[in-house]
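Given next are the chains, with one letter for each unit.
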Number of protein chains: 2
Amino acid sequence: MKNAISILRRYDIQPTPQRIAVVEYVLKSKTHPSADDVLSHARKKCPTVSRATVYNTLNLLVEKGLLGMQTIKEGAVIFDSNIKKHHHFVDSDTGDIYDIPWDQLEVKGREKLKDFEVFEFQVIMRGRRKKK
Amino acid sequence: MKNAISILRRYDIQPTPQRIAVVEYVLKSKTHPSADDVLSHARKKCPTVSRATVYNTLNLLVEKGLLGMQTIKEGAVIFDSNIKKHHHFVDSDTGDIYDIPWDQLEVKGREKLKDFEVFEFQVIMRGRRKKK
DNA sequence: ATATTTATTTAGACAATGTCAAGACTAAAT
DNA sequence: ATTTAGTCTTGACATTGTCTAAATAAATAT
Ligand SMILES: [Mn+2]
Ligand SMILES: [Mn+2]
Ligand SMILES: [Zn+2]
Ligand SMILES: [Zn+2]
């Protein structure tokens, strides 16, 4: 991930210590963290940051298109630093979410859905990750 | 949907007025209701039913395999009377969820995922439903 | 530099979702 | 009638997420 300050400036967001702490964690994370995960990690760099600011910043990043948001697991939304189109695999044992590259799967038959105009889609898989 | 009492008996669940009210609504619903939706509808038939009992019953039905549960929209889990494999389409404007028959789509390439053992999968699409 | 205005953060209130435990209620079983 | 097991209700509780008012910080103007 590039410099957090320059990323924020590029998207016309004033870089503050709080926002920098949020961005530095969430945009480099590959674990699809929840807002609460982001809060606790951001507090390591900026111990005073509040819950409201973390939510405000995450929502702002999503609005600006810097960050993805997914509703894959119950209980809390998760945030996704990978903003390219991709699919997801959820480990049923651990709850961990893995990215599946877009071109690994092909979904055929969408043109047959006469009643629906599809803006976006993804495959969500659940199972067990094989040990390496 | 068949008789609620006989369904409950078949799955070794004692039929009570509360459970019957829940089952009669949730197993015939095609709208993917939330627990709160189920509660308010069940109270029409059984005005005294409590929130805890609705949650207990829904969780029991899911455990027994009579009812599906999905985490498709944020804020609350939704319950699915359709327990056959199928995909989902979410209307971005209304939030309505529609079932897409399993054989309308084909997902190819799962065998290439060497690191993952896939137990189940579905395609989730978002967009706008065309007016009829 | 000081004053003014604007942007941001914080703390806490609030609503909604979901789980849990204690006691009340019901229906068998003894 | 008593015990027992199963079920239900109430309310407490934790968590997620939003919102508002007050405090702070930053930018601008004088
Ligand atoms: Mn997490
Ligand atoms: Mn609903
Ligand atoms: Zn992802
Ligand atoms: Zn469905």
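So, here is what we can say about the structure in this document. Just so you know, these numbers come straight off a predicted model, no measurement behind them. Residue indices follow the written sequence of each chain, beginning from 1 at its first position. Chains carry letters from A onward and ligands carry numbers from 1 onward, assigned in written order. Local features are withheld for residues below a pLDDT of 70 in this predicted model, meaning they are given only at 70 or higher, and side-chain atom pairs are given and counted only at 80 or more; totals for whole chains, interfaces and linings count all residues. Processing note: side-chain calculations cover all non-hydrogen atoms of the structure and skip hydrogens and water entirely.

All right, on to the pattern of salt bridges then. All names here are of chain B. Here a salt bridge means any side-chain nitrogen of Lys or Arg lying within 4 Å of a carboxyl oxygen belonging to Asp or Glu. Here the structure, examined in full by the defined rule, presents six salt bridges over all chains. Note that E24 is salt-bridged to K45, the shortest N-O span being 3.0 Å. Here E24 is found in helix α2 (residues 17–26), whereas its partner K45 is found in helix α3 (residues 35–45), with 21 residues between them in sequence. Burial status follows relative accessibility: with a 1.4 Å probe on protein chains alone, a residue under 20% of its type maximum counts as buried, one over 50% as exposed, and anything between as partly exposed. Take E24: its relative accessible area is 22%, and that puts it in the partly exposed class. The salt bridge involving D93 is made with R128; its shortest N-O contact spans 3.2 Å. Of this pair, D93 sits in the loop between β3 (86–91) and β4 (97–101) while R128 sits in strand β6 (residues 116–129), and the two are 35 residues apart along the sequence. By definition, any uninterrupted DSSP run of H or I lasting at least four residues is a helix, any uninterrupted run of E lasting at least two residues is a strand, and each is numbered from the N terminus.

On to the sheet that holds β4 of chain B. Only when DSSP finds a minimum of two bridges between them are two strands counted as paired. Ordered by their spatial adjacency, six strands build an open sheet running β4(A)-β3(A)-β6(A)-β6(B)-β3(B)-β4(B), and the pairing between neighbours is mixed. At either margin of the open sheet sits one strand with a lone partner, and together these are β4 (97–101) of chain A together with β4 of chain B. Here the average twist between neighbouring strands, direction ignored, is 30°. In the sheet, β3 of chain B pairs with β4 of chain B via five bridges, with the strands oriented antiparallel. Bridged to F89 of chain B within β4 of chain B is Y98 of chain B. Only C-alpha atoms enter the line fits that serve as axes; for helices the fit covers just the stretch in contact. Angles between N-to-C directions range over 0 to 180 degrees.

Let us now look at the protein's contact with DNA strand D. We call a residue near a molecule or strand when any one of its heavy atoms sits within 4 Å of it. In the vicinity of DNA strand D lie 19 residues, with R51 and V77 of chain A together with T16, T48 and S50 of chain B positioned nearest. Near the protein, within 4 Å, the atoms of DNA strand D are sugar or phosphate in 69% of cases. A 3.5 Å cut-off defines polar contacts: any pair of N or O atoms within that distance qualifies, except that in protein one atom must be a possible hydrogen donor and the other a possible acceptor, and neighbouring residues in sequence count only when both atoms are side-chain atoms. Between DNA strand D and the protein, one listed contact pairs a phosphate oxygen with a backbone N or O atom of S50 of chain B at 2.9 Å. Those elements that provide at least two residues to the surface near DNA strand D are α3 (35–45) and α4 (51–63) of chain A together with α2 and α4 (51–64) of chain B. Tallying contributions element by element places α4 of chain A first for the surface near DNA strand D, with four residues.

Once that is clear, we can look at the protein's contact with DNA strand C. In the vicinity of DNA strand C there are 19 residues, among which T16, T48 and S50 of chain A together with R51 and V77 of chain B approach most closely. Sugar plus phosphate: this is where 70% of the atoms of DNA strand C within 4 Å of the protein reside. Put simply, the parts of the chain that give the surface near DNA strand C at least two residues each are α2 (17–26) and α4 of chain A together with α3 and α4 of chain B. Ranked by residues supplied to the surface near DNA strand C, first place goes to α4 of chain B with four residues. Across the surface near DNA strand C, the residue classes break down as seven nonpolar, eight polar and four charged. Three categories are distinguished: nonpolar for Ala, Val, Leu, Ile, Met, Phe, Trp, Tyr, Cys and Pro, charged for Asp, Glu, Lys and Arg, and polar for the others, with Gly belonging to the last.

So, about the packing of aromatic side chains. For Phe, Tyr and Trp, rings pair up if their centres lie within 6.5 Å, where Trp contributes its six-membered ring, and each pair is then called stacked (planes under 30 degrees apart), edge-to-face (over 60) or tilted (otherwise). Here the structure, examined in full by the defined rule, presents six aromatic pairs over all chains. Ring geometry for Y98 of chain A versus F116 of chain B: centroids 5.4 Å apart, planes at 55°, classification tilted. Pair noted here: Y98 of chain A is in strand β4 and F116 of chain B is in strand β6, and the two residues belong to different chains. Between the aromatic rings of W102 of chain A and F121 of chain A, the centroid separation amounts to 5.1 Å while the plane-to-plane angle is 50°, which identifies the pairing as tilted.

To continue, consider α2 of chain A. Within α2 of chain A, burial applies to I20, A21, V22, V23, Y25 and V26 of chain A. Here the buried face of α2 of chain A lies against α1 (4–10), α3, α4 and β2 (78–80) of chain A. Pairs of residues are marked as contacts when any of their non-hydrogen atoms sit within 4.5 Å.

It is worth spelling out the interface of chain B and chain A at this point. The partner chain A presents 38 residues to the 38 residues of chain B that form the contact. Of the roughly 3,400 Å² buried between chain B and chain A on both sides combined, carbon and sulfur atoms contribute 58%. Connecting chain B to chain A are two salt bridges. A salt bridge links E117 of chain A to R128 of chain B; its shortest N-O distance comes to 3.8 Å. Between chain B and chain A we count 16 residue pairs in polar contact (both at pLDDT 80 or more) in total. Looking at the side of chain B that touches chain A, the element that brings in the most residues is β6 of chain B, giving 14 residues. By definition, the buried area sums, over both parts, the 1.4 Å-probe accessible area that each loses when the two are put together.

Only residues with pLDDT of at least 70 in both copies count here: their C-alpha atoms drive the least-squares fit that superposes the copies. For the pair chain B and chain A, the best superposition has an RMSD of 0.1 Å and corresponds to a rotation of 180° with a translation of 0.0 Å parallel to the axis. When the rotation and shift are considered jointly, the pair of chain copies conforms to a two-fold rotation axis. By residue overlap, the copies meet face to face through one surface: 100% of the interface positions of chain B are interface positions in chain A.

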